[in-house]
Amino acid sequence: MAIKESSKKCYNCRYYKALYTKGIIEFNKLTLGLCRKQDNKLIEDKHGCCEHFTGSFYRIRLTKKVALNKLLEMSESVQAIRQILDELNCDT
């Protein structure tokens, strides 16, 4: 699956790391960031592109997989706690 030329922007790259400033209540996203592929080079135009561009859809898939695995682990923990509480209620 080829990536459309219009979506080849730094902010869509898996190596782009956005920068934020700390506000009073929230963090504010800046219009610049860092390129982890180029030794954290400062990217001033997040709408630009370079030869290191790689789509970030791999990162999204990885994040989804990690989240699903964590949910499964938490579900198993909740089931174990429920079983312990059921056993305690049966003993009294």
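The following refers to the structure shown. Source: prediction; values computed, not measured. (Residues numbered from 1 in each chain as written. Predicted model: local features only at pLDDT ≥ 70, side-chain atom pairs only at ≥ 80, totals over all residues. Heavy atoms only, no water.)

### Looking at the pairing of strand E1 (residues 16-22)
Thinking step 1. Here E1 runs beside strand E2 (residues 27-35); their pairing, made up of 6 bridges, is antiparallel. Within E2, the residue paired with Ala-18 across the bridge is Gly-33.
Thinking step 2. With antiparallel pairing between neighbouring strands as the criterion, E1 and E2 make up a hairpin whose turn holds 4 residues. (Pairing = 2+ DSSP bridges. Helix = DSSP H or I, 4+ residues; strand = E, 2+ residues; numbered from the N terminus.)

### With respect to the sheet that holds E1
Thinking step 1. Spatially, 3 strands are ordered E1-E2-E3 in an open sheet, and the strand pairing comes out antiparallel. Only two strands of the sheet have a single partner each, and these edge strands are E1 and strand E3 (41-43). Pairs of neighbouring strands in the sheet enclose a mean axial angle of 45°, with direction left out of account. (Axes fitted to C-alpha atoms, helices over the stretch in contact; angles between N-to-C directions.)

### Regarding unusual backbone geometry
Thinking step 1. The phi torsion at Asp-39 lies on the positive side, around 55°, for a residue other than glycine.
Thinking step 2. Within the chain, Asn-40 stands out as a residue other than glycine whose phi angle is a positive 55°.
Thinking step 3. On the secondary structure map, Asn-40 appears in the loop between E2 and E3.
Thinking step 4. Taking the relative accessible area as the measure of exposure, Asn-40 reaches 44% and is therefore partly exposed. (Buried < 20%, exposed > 50% of the residue type's maximum accessible area, 1.4 Å probe, protein only.)

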